[in-house]
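# Chains, contacts and geometry: an overview
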Amino acid sequence: MDFIVFTSRAASKVDPMHLDYFTFSGRVIALALMHKVQVGIVFDRVFFLQLAGMHISLEDIRDADPRLYSSCKQILQRDPEFIDSDALGLTFVREVEELGSIKVVELCPGGKGIVVNSKNREKYVNLLIQHRFVTSISDPVSRFARGFADILSNPGEQKLFFRSLELEDLDWMLYGSESAICVEDWKAHTEYSSLIETDPQISWFWKVCSCTLAFMLYLKSKLFFFGGIGSSSSHISRLYNQL
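Everything quoted here is computed from the prediction, not taken from an experiment.

### A few points about the packing of helix 3 (residues 66-77) against helix 5 (residues 121-133)
Direction vectors running N to C along helix 3 and helix 5 enclose 165°, while the axes themselves pass 9 Å from each other. One finds that helix 3 runs roughly antiparallel with respect to helix 5. When the axes of helix 3 and helix 5 are compared, the crossing they make is left-handed. Judged by residue contacts, L68, C72, I75 and L76 of helix 3 engage R121, E122, Y124, V125, L128, R132 and F133 from helix 5. Here the contact of helix 3 with helix 5 is built from residues that sort into eight nonpolar, no polar and three charged.

Below, the structure is given as structure tokens:
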């Protein structure tokens, strides 16, 4: 089943209230964890690392931005002589698209005049990653962290909270397991107190569970069929999670 990934994008600032939305989202996620409510989302890895105050490496961005990941890998793996020939024409800047226009941002002081070569390419890649995934979205991340701390932790303890978790564990708490529900296994491990398995009420209960599960799987297959002709996977996921 598809899932919705929670992350931050620099382009979200086109909405004047976008920072308020991130504060609100932080509170909602904290409440979901507090009350053990699964909300059908998983965290983007780089977003999780920012909340934990941890360094973001090249391998961490593989899923978040496959194109940037591939470009950086090529820069690092190219023959030194090729890089030193300035065949790529790179300097320590990053081009950022904002509302249809391109803005050039220096990755370090005087970046426009620093040519990327075989000796400084690792520094260039690191600065590029930090700007793309840390500097440019620091405000939304900060506001999410503030909202989260309003509910579940003190600001000073928040990084420790996220560092104590594995991303997979957090995703499991927020999204749940992808394992299919097995009514027979559920039935085999159920303990009864005032009733017994052969009572009519119990038989009716298990019949309803089986029919409900079958109906949900039927709807899921239909939703994915229609998704192939125009609906996005995230939209289908939201519909399915509401069943």
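Next, the rest of the story.
### Considerations on the pairing of strand 4 (residues 101-106)
Across six bridges, strand 3 (residues 93-98) lies against strand 4 in antiparallel orientation. What sits directly across from V96, in strand 4, is K103. As consecutive antiparallel partners, strand 3 and strand 4 are separated by two residues, and within that stretch L99 has a phi angle of approximately 55°, a positive value.

### Topic: empty space enclosed by the protein
Scanning the model with the defined rule gives one cavity of 30 Å³ or more in all. One number sums up the size of the largest cavity: a volume of about 40 Å³. What lines the largest cavity is simply I83, D86, L88, G89, L90 and V116. Residues of the lining of the largest cavity, tallied by class, amount to four nonpolar, one polar and one charged.

### Observations regarding the packing of aromatic side chains
One pass over the full model with this rule turns up ten aromatic pairs. Taking the centre distance of 5.0 Å and the plane angle of 70° together, the rings of F205 and W206 count as edge-to-face. Joined through ring pairs, the aromatic side chains of F43, F47, F48, F144, F148, F161 and F162 make up one cluster. When the ring centre of F133 is taken as reference, the NZ or CZ atom of R132 above it lies at 4.3 Å.

### A few points about the packing of helix 1 (residues 18-34) against helix 8 (residues 167-175)
Put simply, helix 1 and helix 8 touch, their axes get as near as 9 Å, and they point 85° apart. Comparing the axis directions of helix 1 and helix 8 gives the class roughly perpendicular. Contact residues: I29, A32 and L33 in helix 1; L170, M173 and L174 in helix 8. Per-class residue counts for the contact of helix 1 with helix 8 are six nonpolar, no polar and no charged.

### Remarks on the pattern of salt bridges
Per the counting criterion, the structure on display carries six salt bridges. Taking the shortest distance from any N to any O, the salt bridge between R27 and D150 comes out at 2.9 Å. Within this pair, whereas R27 is found in helix 1, its partner D150 is found in helix 6 (residues 138-151), the two being separated by 123 residues in sequence. Taking the relative accessible area as the measure of exposure, R27 reaches 36% and is therefore partly exposed. For the salt bridge of R62 with E59, the shortest nitrogen-to-oxygen distance reads 2.8 Å. By relative accessible area, E59 is classed as partly exposed at 38%.

Thresholds, definitions, all that
- Residues numbered from 1 in each chain as written.
- Predicted model: local features only at pLDDT ≥ 70, side-chain atom pairs only at ≥ 80, totals over all residues.
- Heavy atoms only, no water.
- Axes fitted to C-alpha atoms, helices over the stretch in contact; angles between N-to-C directions.
- Helix = DSSP H or I, 4+ residues; strand = E, 2+ residues; numbered from the N terminus.
- Parallel < 35°, antiparallel > 145°, perpendicular 65-115°, else oblique.
- Left-handed = near helix turned anticlockwise from the far one by under 90°.
- Contact = heavy atoms within 4.5 Å.
- Nonpolar A, V, L, I, M, F, W, Y, C, P; charged D, E, K, R; others polar.
- Pairing = 2+ DSSP bridges.
- 1 Å grid on protein atoms, 1.4 Å probe; cavity = no way out; pocket = protein on both sides within 12 Å on 5 of 7 lines; lining within 4 Å.
- Points joined across faces, edges and corners; volume = space filled by probe spheres on them.
- Phe/Tyr/Trp six-rings, centres within 6.5 Å; stacked < 30°, edge-to-face > 60°.
- Lys NZ or Arg CZ within 6 Å of the ring centre and 35° of its normal.
- Salt bridge = Lys/Arg side-chain N within 4 Å of Asp/Glu carboxyl O.
- Buried < 20%, exposed > 50% of the residue type's maximum accessible area, 1.4 Å probe, protein only.

Nothing here speaks to function; it is geometry throughout.
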